[in-house]
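# A look at the structure
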Amino acid sequence: MDLQLLVGLGNPGPRYADTRHNVGFMVLERLARAGGASFRNQGRLHGLLAETGQGDRRLRLLMPQTFMNDSGRSIRAALDWFRLEPAQMLVLVDDMDLPLGRLRVRAAGGAGGHNGLRSTIAHLGSESFARLRIGIGAPGETPEERRARTVSHVLGKFSAADRPVLETVLEEVEAGIDLIRRVGLEKAANRLNSFRADPPPS
């Protein structure tokens with residue numbers, strides 16, 4: 001995979017920092033720190049952009065500032081500006097259908113109820129782009145509980161008990177992105193999709 005653009009989905013501003021919905025942002029902030037890069041506001045991209053590496057190791061990190069429901073506008077602008085194809089992009093997104101500590105890589109697929117992915121699909125006119133889903137767990141056992149608590153769950157912060165698991169997950173995602181660049185999405189998926197970080201017993 002000729003990965004050139006890494007997109008983290010989330011909501012802008014301090015109010016939403018460190019919430020479950022912003023786990024994609026957390027990954028990019030971690031990668032930028034590791035690469036000695038800083039994010040700058042790019043109005044034409046409707047987002048914050050940082051770049052790590054040089055030459056064929058360059059990787060652009062995009063955090064849309066459009067709010068989650070309009071993420072696709074920023075992604076479309078970035079692909080057009082850098083003259084990239086969706087096949088050169090990986091989207092990092094939270095997923096309530098996966099427990100915290102699990103990951104799922106897919107080369108394509110639907111929105112799965114996620115508004116950021118729905119917006120991206122709408123703006124690209126295609127479901128054919130890679131995404132790495134990062135489990136944040138569900139807010140209830142039944143569909144009724146989930147519906148009632150979804151907003152407070154995704155816009156809530158990780159608990160102190162969750163933090164060690166989250167740190168392990170972020171480390172794995174960072175390593176997984178490097179693996180995708182070295183061996184391709186399919187081979188990297190074998191490792192990432194079998195990853196499991198279990199929360200401590202309550």
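Note that the structure is predicted; figures quoted are calculated from it, not measured.

## Brief notes about the pattern of salt bridges
Working definition: two side chains of opposite charge can pair if their charged atoms are close together. The full count for this structure, using the stated rule, is 13 salt bridges. Salt-bridge contacts for Glu 172 lead to Arg 191; the nearest nitrogen and oxygen are separated by 2.8 Å. Of this pair, Glu 172 sits in helix H5 (residues 163–183) while Arg 191 sits in helix H6 (residues 185–192), and the two are 19 residues apart along the sequence. Owing to a relative accessible area of 39%, Arg 191 belongs among the partly exposed residues under this scheme. Residue Arg 182 is joined to Asp 178 by a salt bridge in which the shortest nitrogen-to-oxygen separation is 3.0 Å. Remark: Asp 178 and Arg 182 occur in helix H5; sequence separation between them is 4 residues, near one turn of the helix. With relative accessibility at 54%, the residue Arg 182 sits in the exposed group. Taken together, the shared-partner salt bridges in this structure form one network comprising Arg 30, Glu 167, Glu 171 and Glu 174.

## Description of the UniProt feature "binding site: tRNA" (unreviewed entry) in the protein chain
Per the UniProt annotation, the sites labelled "binding site: tRNA" (unreviewed entry) are Tyr 16, Phe 67, Asn 69 and Asn 115. Considering only the residues just annotated, the largest pocket is lined by Asn 69 and Asn 115. Considering the arrangement of structural elements, one finds Asn 69 in the loop between strand S4 (59–64) and helix H2 (71–82). Contact partners of Asn 69, with chain neighbours within four places excluded, come to Asn 115 and Ser 119. With respect to the secondary-structure elements, Asn 115 resides in helix H3 (residues 115–124). Other than its neighbours up to four places away in sequence, Asn 115 contacts Met 68 and Asn 69. At a separation of 3.4 Å, a polar atom in the side chain of Asn 115 contacts the side chain of Asn 69.

Conventions used here
Residues numbered from 1 in each chain as written. Predicted model: local features only at pLDDT ≥ 70, side-chain atom pairs only at ≥ 80, totals over all residues. Heavy atoms only, no water. Salt bridge = Lys/Arg side-chain N within 4 Å of Asp/Glu carboxyl O. Helix = DSSP H or I, 4+ residues; strand = E, 2+ residues; numbered from the N terminus. Buried < 20%, exposed > 50% of the residue type's maximum accessible area, 1.4 Å probe, protein only. UniProt positions renumbered as here; feature names shortened; annotations may be inferred. 1 Å grid on protein atoms, 1.4 Å probe; cavity = no way out; pocket = protein on both sides within 12 Å on 5 of 7 lines; lining within 4 Å. Contact = heavy atoms within 4.5 Å. Polar contact = N/O pair within 3.5 Å; in protein donor to acceptor, adjacent residues only side chain to side chain.

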